[in-house]
There are 4 protein chains.
Amino acid sequence: MVSFESDYIAGAHPQIIKRLTETNLECLPGYGTDKYCESAKEKIKAACKCEKADVEFLVGGTQTNSVIISTMLKDYEGVVAAATGHVSIHEAGAIEYSGHKVLEIPQSNGKISAEVLDNYIATFYSDANHEHMVFPGMVYLSHPTEYGTLYTKKELEDIAAVCHTYKIPLFLDGARLGYGLMSRASDMTLKDIADICDVFYIGGTKVGALCGEAVVFTKENKPKHFMNSVKKRGALLAKGRLLGIQFDTLFTADLYLKISRSAIDKAEKMKEIFADKGYKFYLESPTNQQFIILENGRMENLKKHVAFSFWEKLDDTHTVVRFATSWSTTDEDLKALKNALG
Amino acid sequence: MVSFESDYIAGAHPQIIKRLTETNLECLPGYGTDKYCESAKEKIKAACKCEKADVEFLVGGTQTNSVIISTMLKDYEGVVAAATGHVSIHEAGAIEYSGHKVLEIPQSNGKISAEVLDNYIATFYSDANHEHMVFPGMVYLSHPTEYGTLYTKKELEDIAAVCHTYKIPLFLDGARLGYGLMSRASDMTLKDIADICDVFYIGGTKVGALCGEAVVFTKENKPKHFMNSVKKRGALLAKGRLLGIQFDTLFTADLYLKISRSAIDKAEKMKEIFADKGYKFYLESPTNQQFIILENGRMENLKKHVAFSFWEKLDDTHTVVRFATSWSTTDEDLKALKNALG
Amino acid sequence: MVSFESDYIAGAHPQIIKRLTETNLECLPGYGTDKYCESAKEKIKAACKCEKADVEFLVGGTQTNSVIISTMLKDYEGVVAAATGHVSIHEAGAIEYSGHKVLEIPQSNGKISAEVLDNYIATFYSDANHEHMVFPGMVYLSHPTEYGTLYTKKELEDIAAVCHTYKIPLFLDGARLGYGLMSRASDMTLKDIADICDVFYIGGTKVGALCGEAVVFTKENKPKHFMNSVKKRGALLAKGRLLGIQFDTLFTADLYLKISRSAIDKAEKMKEIFADKGYKFYLESPTNQQFIILENGRMENLKKHVAFSFWEKLDDTHTVVRFATSWSTTDEDLKALKNALG
Amino acid sequence: MVSFESDYIAGAHPQIIKRLTETNLECLPGYGTDKYCESAKEKIKAACKCEKADVEFLVGGTQTNSVIISTMLKDYEGVVAAATGHVSIHEAGAIEYSGHKVLEIPQSNGKISAEVLDNYIATFYSDANHEHMVFPGMVYLSHPTEYGTLYTKKELEDIAAVCHTYKIPLFLDGARLGYGLMSRASDMTLKDIADICDVFYIGGTKVGALCGEAVVFTKENKPKHFMNSVKKRGALLAKGRLLGIQFDTLFTADLYLKISRSAIDKAEKMKEIFADKGYKFYLESPTNQQFIILENGRMENLKKHVAFSFWEKLDDTHTVVRFATSWSTTDEDLKALKNALG
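Conventions used here
- Residues numbered from 1 in each chain as written.
- Chains lettered and ligands numbered in written order.
- Predicted model: local features only at pLDDT ≥ 70, side-chain atom pairs only at ≥ 80, totals over all residues.
- Heavy atoms only, no water.
- Helix = DSSP H or I, 4+ residues; strand = E, 2+ residues; numbered from the N terminus.
- Rg over C-alpha atoms; globule rule 2.2 N^0.38 Å.
- Contact = heavy atoms within 4.5 Å.
- Buried < 20%, exposed > 50% of the residue type's maximum accessible area, 1.4 Å probe, protein only.
- Arc of directions from axis to C-beta.
- Buried area = accessible area lost by both parts, 1.4 Å probe.
- Salt bridge = Lys/Arg side-chain N within 4 Å of Asp/Glu carboxyl O.
- Polar contact = N/O pair within 3.5 Å; in protein donor to acceptor, adjacent residues only side chain to side chain.
- Nonpolar A, V, L, I, M, F, W, Y, C, P; charged D, E, K, R; others polar.
- Least-squares fit on C-alpha atoms with pLDDT ≥ 70 in both.
- Phe/Tyr/Trp six-rings, centres within 6.5 Å; stacked < 30°, edge-to-face > 60°.
- pLDDT = per-residue confidence, 0-100.
- Pairing = 2+ DSSP bridges.
- Axes fitted to C-alpha atoms, helices over the stretch in contact; angles between N-to-C directions.

## Considerations on the overall build of chain A
So, step 1. Of regular secondary structure, chain A possesses 14 helices and 13 strands.
So, step 2. Taken over the C-alpha trace, chain A has a radius of gyration of 20 Å; the compact-globule value for 342 residues is 20 Å, and the two agree within 12%.
So, step 3. Seen through its principal axes, chain A has C-alpha atoms that stretch 60 × 55 × 35 Å.
So, step 4. When contacts within chain A are restricted to residue pairs at least 6 apart in sequence, those whose partners lie at least 24 apart make up 71%.

## Regarding helix 14 (residues 331-341) of chain D
Residue and element names in this part refer to chain D.
So, step 1. Looking at helix 14, one finds that the buried residues are Leu334, Leu337 and Leu341. Angularly, the buried residues of helix 14 cover 60° about the axis, an arc narrow enough to put them on a single face. In helix 14, the exposed residues that point more than 90 degrees away from the buried face are Glu332, Lys335 and Asn339.
So, step 2. Contact partners of the buried residues in helix 14: strand 1 (2-3), helix 12 (255-276), helix 13 (296-303), strand 11 (306-307) and strand 13 (318-324).
So, step 3. One or two steps after helix 14, the chain reaches glycine 342, where phi turns positive at roughly 70°.

## Some details on the interface of chain D and chain C
Accessible area lost upon the coming together of the parts serves often as the stated size of an interface.
So, step 1. Of the residues lining the interface, 21 residues belong to chain D; the matching set on chain C comes to 21 residues.
So, step 2. Of the roughly 1700 Å² buried between chain D and chain C, counting both surfaces, carbon and sulfur atoms make up 55%.
So, step 3. The largest per-residue losses of area from chain D upon contact with chain C belong to His90, Glu96 and Lys101 of chain D, which jointly make up 30% of the total buried on that side.
So, step 4. Counting across the interface, chain D meets chain C through 4 salt bridges.
So, step 5. Lysine 101 of chain C is paired through a salt bridge with glutamate 104 of chain D; the nearest N and O atoms lie 3.3 Å apart.
So, step 6. Taken together, the connections running from chain D to chain C amount to 10 residue pairs in polar contact (both at pLDDT 80 or more).
So, step 7. The residue inventory of the side of chain D that touches chain C, partitioned by class, reads 8 nonpolar, 7 polar and 6 charged.

## Quick look at the interface of chain D and chain A
So, step 1. On the side of chain A, 43 residues touch chain D, which itself brings 44 residues to the contact.
So, step 2. Each partner contributes to the roughly 3800 Å² buried at the junction of chain D and chain A, and carbon and sulfur atoms together form 62% of this total.
So, step 3. The tally of links from chain D across to chain A stands at 0 salt bridges.
So, step 4. Seen at the junction of chain D and chain A, the total is 24 residue pairs in polar contact (both at pLDDT 80 or more).

## Focus: the relation of the copies chain D and chain C
Related by rotation about an axis and a shift along that axis, the two copies of the chain form a pair.
So, step 1. Of the transformation superimposing chain D on chain C, the axial component is 0.0 Å and the angular component is 180°, with the fit at an RMSD of 0.0 Å. The superposition of one copy onto the other is thereby described by a two-fold rotation axis.
So, step 2. Most of the interface of chain D is mirrored in chain C, where 100% of its interface residues again form contacts.

## Observations concerning the environment of glycine 137 of chain A
Residue and element names in this part refer to chain A.
So, step 1. Here glycine 137 is to be found in strand 5 (residues 135-142).
So, step 2. Exposure remark for glycine 137: the relative accessible area of 2% places this residue in the buried category.
So, step 3. Measuring from C-alpha to C-alpha, the distance between glycine 137 and valine 79 comes to 5.7 Å, with 58 residues separating the pair along the chain.
So, step 4. Leaving out residues up to four positions away in the same chain, glycine 137 has contacts with Leu73, Glu77, Gly78, Ile168 and Pro169.

## Notes on the relation of the copies chain D and chain A
So, step 1. Aligned on chain A, chain D shows an RMSD of 0.0 Å; the corresponding rotation is 180° and the shift along the axis is 0.0 Å.
So, step 2. Comparing contact sets, 98% of the residues at the interface of chain D also lie at the interface in chain A, consistent with an isologous, same-surface contact.

## Considerations on the packing of aromatic side chains
All names here are of chain B.
So, step 1. One pass over the full model with this rule turns up 82 aromatic pairs over all chains.
So, step 2. For the pair phenylalanine 124 and phenylalanine 135, a centre-to-centre distance of 6.2 Å together with 45° between the ring planes defines the contact as tilted. Here phenylalanine 124, found in helix 6 (residues 114-126), pairs with phenylalanine 135, found in strand 5 (residues 135-142); they are 11 residues apart in sequence, far enough to count as distant.
So, step 3. On the basis of relative accessibility, which here comes to 5%, the residue phenylalanine 124 falls in the buried class.
So, step 4. The class for phenylalanine 135 is buried, based on a relative accessible area of 4%.
So, step 5. Ring centres of phenylalanine 274 and phenylalanine 281 lie 6.4 Å apart, and the angle between their planes is 80°; on these two criteria the pair is classed as edge-to-face.
So, step 6. A relative accessible area of 0% places phenylalanine 274 in the buried class.
So, step 7. A relative accessible area of 24% means that phenylalanine 281 is categorised as partly exposed.

## Topic: the confidence of the model for chain A
In low-pLDDT segments, the atomic positions of the prediction should not be examined closely.
So, step 1. Mean pLDDT for chain A: 97, with 99% of residues reaching 70 or above.
So, step 2. With a pTM of 0.97, the predicted complex shows an ipTM of 0.97.

## With respect to unusual backbone geometry
So, step 1. For the peptide bond that leads from histidine 143 of chain A to proline 144 of chain A, omega is -10°, which places it in the cis range.
So, step 2. Within the element layout of this structure, proline 144 of chain A appears in the loop between strand 5 and helix 7 (153-165).
So, step 3. Positive phi values are uncommon outside glycine, yet alanine 253 of chain D reaches one of about 55°.

## A word on the side chain of threonine 23 of chain B
Residues and elements named next belong to chain B.
So, step 1. Mapping threonine 23 onto the fold places it in the loop between helix 1 (14-22) and helix 2 (35-48).
So, step 2. Judged by relative accessible area, which is 2%, threonine 23 ranks as buried.
So, step 3. Within the local environment of threonine 23, its side chain forms a polar contact with the backbone oxygen of leucine 20, the two atoms lying 3.4 Å apart.
So, step 4. Apart from residues lying up to four places away in sequence, threonine 23 is in contact with Tyr36, Arg241 and Ile245.

## Quick notes on the sheet that holds strand 12 (residues 309-313) of chain D
All names here are of chain D.
So, step 1. With antiparallel pairing, 4 strands are arranged side by side in an open sheet as 9-10-13-12. The open sheet has two edge strands, strand 9 (280-281) and strand 12, and neither has a second partner.
So, step 2. Of the strand pairs in this sheet, strand 10 (residues 289-295) and strand 13 are connected by 7 bridges, and their pairing is antiparallel. Within strand 13, the position partnered with glutamine 289 by the bridge is alanine 324.
So, step 3. Packing of helix 13 onto the sheet brings it into contact with strand 10 and strand 13, and relative to strand 10 it is tilted by some 120°.

## Some remarks on the pattern of salt bridges
So, step 1. Considering all chains together, one arrives at 89 salt bridges over all chains under this definition.
So, step 2. In this structure, lysine 18 of chain B and glutamate 22 of chain B form a salt bridge, with 3.1 Å as the shortest nitrogen-oxygen distance. You can see lysine 18 of chain B and its partner glutamate 22 of chain B sitting in helix 1, 4 residues apart, about one turn around the helix.
So, step 3. Residue classification places lysine 18 of chain B among the partly exposed residues on the basis of a relative accessible area of 44%.
So, step 4. Look at glutamate 22 of chain B and you get partly exposed, because its relative accessible area is 43%.
So, step 5. Taking the shortest distance from any N to any O, the salt bridge between lysine 154 of chain C and aspartate 158 of chain C comes out at 2.7 Å. With lysine 154 of chain C and aspartate 158 of chain C both in helix 7 (residues 153-165) and 4 residues apart, this pair spans about one turn of that helix.
So, step 6. One salt-bridge network, held together by shared partners, links Lys18, Arg19 and Glu22 of chain A.

Pasting the structure below:
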């Protein structure tokens, strides 16, 4: 059965598998100190056009969010995020496990706005009782968001300006960053992201790797003794080569962006298929995740032929579901989808 | 200057000071094992008409909320609370410090409803991705609420029914419980609270004590080795007598209820004063906290004569402020308020 | 029955009870912002001859240790302490609850030495694998120690020198500080303690107060937004006056030192009584806690007449027990002890 | 340069790389719900001859120790471990990060004894002050230990008997379990381990996998909602297939044991080489890690030709170093070592 269930249904891009195979018997030191990690870091810094960046590799998205947020927040601070943010809802309380509150603010299509953010933070500096409240100590946003939407460069800059007013870092969760950068709606490059954000990560798991996220600290702001904090959280991979080799491959000859573009092309074709067949979109998404409104009977029927994800109940007779393309989506997959839609 | 700033502006009820003085040089064992703690526990169980209850004393409200919630939740659970709940906003992240999320739900005048609660919890049992979410493992409510409002017996029973359906405990924060029980709008006794809730506490700090909250576990559900967990959280008082003697006094000859009733009588008179002078109430509160809408200029002027609390900005020209009575409020205080209101 | 069970068997010094009574009905703001807290802080700074000190009040010893250690350590650090330290053994894991390790080092009669400490810390800077270890980020010691022993000024200075070499703070747990300062063996004043240590606390609970510990940050090193962190840990007392009034009284007319001296005088007489009767001391303690070796049969018999504390099993037929004097110990108590010893 | 630096210097066993390649483009569901995880679990249960076992996969050793210990301990408990245990020293405080204390007890050559353990735990049930102490709630041991040594079946059974007396689980860290089972000194099978222990894990990272540890709960004692707790700790791998395929391969045709035996054979040859050349062993290790005492000058010289690990300073002129073989060690490696030793 053809699957659009997520962007992590396949293994790794074949080029990655090839490099893992070729390097497999080389003797390398552990814990991210090998030459492939070193090389991958240099390539990522070059791709970001940010020589002073510090790059570190972690294994998965929730782990990365938790490590970054909990090592950069001060004791009395929490992280501000959209009420629909991944850290707010879908990480089983990983941020709270680190002792910090997620300060949820209203969003629109998964995005927060500079204005809402500014008003929110301002109350902490004008209100009474601030000694009894959790201070906003960082802003978290995902790009693309959980709804596949994107920030414009202007929107991101405005949010960063609010952060800088209050002297708190802006953290961008780029679990699907490639799909954002290659979206036809994007007006930002990797360099823009690095310029604007204080810390962000380049997602590997959902963009062609078996696992792995590359964290980029852009402002000489990597927490001191960061690897101890990583180890303390059980997040230090003994065979760091597994991450280094994958990212070294993804950042050679623009592989990361090329395969991201492929996923976007497939998503655009998929949108046409749905539109042609008269399906309704829950919202306009310019990236690889598409949210479709299905009548429940139709949904049950479709399930027999195509795999997709339940997203949320819309009303008693309709459901929002997600179809995701990825670097591994093929034209055959799209043809099968088209046929299944009838 | 007369003060209605809070219900903890004075020391302790004189009867408590008297008992502390009389018993001061007695040699007593530490950590809550003295005879006064023992006696106070028995009196509280009798007042609750709940012989199987386990009663323990803690020092303050935030500490009590944190200890109860974090010792009763399982690792993968969070606590459901009103978005305006004390644990949600005004405890500086104390629940998150224990590694657990506060799951905030919509409220009305500080109260949650059984229906909203049921719909919320139900999603965890129907949705996908429940392995990535924090399970609702307890319901927290405050009575009176942070807005001075009260649950009816029927409302509390309905919420308890939802809890029992999902086999999770109902926890009532009774930091101001006395003022709730003695409100003219109350249809519940202490026995009702004990019957309906799985755990609750009887606030001392805001109802006549120097400090102290009496936790009541009503269903033979006190966490095992509870005192170790209390100690681990830095919440075990060496001279437990300080708590025992105070609660023993408060639960002798109904002192707790009598002084609570006095505060309510004063609050009702205060409401009349405000109403007579044409002030607008932010909401109808039947307890000792009254929320008044003040035009900002008037507020600044009033501040010179009466102490009260800022609550929240209503709009650009108006502010919601709180006036609280307590066991220590006198007729002279009310007269001074009346004069100040002009 | 006469009791030497601990130094917290009585209530508060009568002068404290008197002041609590006199000030009881005054209207005061909450959370430590009242005039008595302010006055007490000034008096403590004066007593320490340290104008730049920041003084804050907390409720109990374990809470104070946990708050100070967890707000001053960095994420990747632990606190070094004697294997017999209070934080190592008798706080039910309160430091670990904050996410930090207690790094236990060897001790002698409850004391650590600068040499052992230096060798221990040095390994973290010479060894491999330091990314996998918890860095020593603070040194904790108690004075008097858990065995009633004292550091000399020279010993404390040497330990501080090691701390400063590695740029980590020295924290002195002064739960019984008064008894240390007034010991006939002491060569330090409160000013010396303030000069040498980076942070310490002046114990109230065991030296005449109902509760309360006064934390002194001596080097302009109070953690930012400290009261938020205190609140987050459930350690912020609503009626802060309870702490302020007690410390204001203790630091008026040298009451703290006077009552400490009285306890020392009584302890010296107690030592004579034991020595005269031929009892063996487990170690030489110059403070208010005396550790006596009792043959088990004799111990059981003595228990019928005098209250004391079990300390540890020495061998199959002998036990180490503790007799403590305090500010409340009287000549009658000593006479009763003498008679009981037979 | 030939390397005996650790047992994780190479990638994965070629058979694993082959299977990852073959299955790479298959569409599989995420988070460990794929058919390879399922198959691997069944094979592991069969290898353990324990049908009722629950098997779960995690990514690395520290993560696994932290997840198991923190989900199985109760709030007031800590984990007992050898003072040299991996959780005690080399995990950067990962256990403490979860809020629990590691209760370190004396060891010999990395091993704890049933007698020392029993005496230690017994004190918690006889002593005073147990409300102020961390209860021993689990016993952790590693097999092989950090020093390459092994428990005999009798020793392990005796330790398990102590655990069962006190009703606490026995947890065996098997990061190098294969090398233990295949040691010529071993008198235990995988079934024995499963029979005796309450929970243990089968290390993949150090025995042929790129990453991955297989946790085995043997007594129907997997914590409820375990995957939520895994997610909460940032330890849930999106592409669970990476773990499933690796363990499925390792447990097909006894690959795990075969490659472990190869490492042991190489280690035995390595021991002969060292012995023939007159080198001194720090202790007798029957597994793949050998600890050699080197005169410092000789050590510096040898470093130029062979990679090995610093272990600890023995005295001013000698150092203990570690040479490890693994599944990837070849006869050529041994020859190169022999030549380098001169």
